[in-house]
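Topology and contacts: notes
Listed below are the residues making up each chain.
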Amino acid sequence: MYPQQVIDALRHVRYPGTGKDLIESGMLEDDIRISGFEVSFSLIFPKNNDPFLKSVVKAAETALKTYIDPNIAAHIHTKFVKQNLKPSNNAGGANNQTIRAKHVIAIHSGKGGVGKSTVTANLAVALAQQGYSVGLLDADIHGPSMPKMFRCEDARPYSVEEEGRTLIEPIEQYGVKMLSIGFFVNPEQAVIWRGGMASNAIKQLIEDAHWGELDYFLIDLPPGTSDIHLTLISELQLTGVIVVTTPQPVALVDARKGVEMFRNEKVNVPILGLVENMAWFTPAELPENKYYIFGKDGGKNLAEELNIPLLGQIPLVQSIREGGDEGMPIALQAGHPAAQAFNKIAKNLS
């Protein structure tokens, strides 16, 4: 074994923060030591609380065993570079990060399975089609779905130099700039991170990305409440939150909790409105018929009770599901009734 083999093996490991491999990112220290089947070296990370540290070190160990020899014993040390550059202030109101957006909107659901990500994806596309510049952050660390919904699962963000900083360039699809942890992890493996690691990863996708000037910056939150929610509230000055629910009573209970959380005096984030998803089922062959599978007007009634706007009611139709699975959000089909429902929500925001 010789040093060049180690270097070549580490070229197969990508650092999520830049989208480049470890060698191209300049993360390998010039201190490789080899003794028989033992190798030691150092990896340089940009900060001591780097959320990708453990996964990158593990990937480096795997690469050595895969591309050199399975019997290698690797001793990988970590070093950190002191960061002097601070993110620029946001002219749109958010503090201590690089987002320059007129409106920063989080999309929330009290529970999973109510179509929050579907609503977020179609709302982003609808806003883009209305001529707005739109950014989208997939903050659902443990279940990132935006890469699939936008048909860009194989995309890998790259880094750009901007104002003396190395930033991640978002993926752009259908006029929407987007980042997701799904671009940086194996889609077949679960993301098993503690709350602090997940929050740090989200902060990095916000602060170290080249978003540019935006009219709308949408954030697809994880369902429920977690450290990620608190991180975003503290890092960003949110314009407000959209709550997504279905008419089903069990979903409405959690939606109510979500509204109350954001209304709490310690959080105090405006509720822009509620979206009732899967409001009724309309079969393609009977477009005028409505079947209230999950109950009728549950979201509408909750919005009235809590005195918040009802931004729209989205029907349960097969084409919305197909659009999400095929990576072609239904909002792209301007004349489709479901697309018109998302366009109405977008217009209610503007």
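Our subject is the structure that appears above.
This report concerns the structure included in the present document. Given the structure is predicted, the values throughout are model-derived calculations rather than measurements.

What counts as what
Residues numbered from 1 in each chain as written. Predicted model: local features only at pLDDT ≥ 70, side-chain atom pairs only at ≥ 80, totals over all residues. Heavy atoms only, no water. Salt bridge = Lys/Arg side-chain N within 4 Å of Asp/Glu carboxyl O. Helix = DSSP H or I, 4+ residues; strand = E, 2+ residues; numbered from the N terminus. Buried < 20%, exposed > 50% of the residue type's maximum accessible area, 1.4 Å probe, protein only. Pairing = 2+ DSSP bridges. Right-handed = clockwise from strand over helix to strand, strands pointing away. Axes fitted to C-alpha atoms, helices over the stretch in contact; angles between N-to-C directions. Contact = heavy atoms within 4.5 Å.

For the rest of this paragraph, the subject is the pattern of salt bridges. Scanning all chains against the criterion turns up eight salt bridges. One salt bridge connects Glu29 with Lys79, and the closest N-O pair in it is separated by 3.2 Å. Residue Glu29 is found in the loop between β2 (20-21) and β3 (33-35), and its partner Lys79 is found in strand β5 (residues 73-80); the two are separated by 50 residues along the sequence. Residue Glu29 is classed as partly exposed on the basis of its relative accessible area, which comes to 25%.

This brings us to the pairing of strand β15 (residues 310-316). Summarising the sheet, strand β14 (residues 271-281) and β15 pair through five bridges and their orientation is parallel. Opposite Val275, over in β15, you have Gly312 as the bridge partner. One crossover worth recording links β14 to the parallel β15 by way of helix α8 (residues 298-306), and it is right-handed.

Attention now goes to the sheet that holds β15. Within a sheet, each strand pairs with its neighbour through backbone hydrogen bonds, oriented either parallel or antiparallel. With mixed pairing, the eight strands of this open sheet are ordered in space as β10-β11-β7-β12-β6-β13-β14-β15. Strands at the two margins of the open sheet, each flanked by one partner only, are β10 (171-173) and β15. Sheet twist, expressed as the average angle between the axes of neighbouring strands with direction ignored, equals 25°. Note: strand β6 (residues 100-108) against strand β13 (residues 240-245), four bridges, orientation parallel. Counted as the bridge partner of Ala106 is Val241 from β13. Each of β6, β7 (134-138), β11 (176-180), β12 (213-220), β13 and β14 touches helix α3 (residues 116-129); the most contacted strand, β12, lies at about 170° to it.

Glancing now at unusual backbone geometry. In the Ramachandran plot, Met278 falls in the positive-phi region, its phi being about 55° despite a non-glycine side chain. Looking at the secondary structure, you find Met278 in strand β14. Even without a glycine there, the phi angle at Asp297 is positive, about 60°. Examined against the element boundaries, Asp297 turns out to sit in the loop between β14 and α8.

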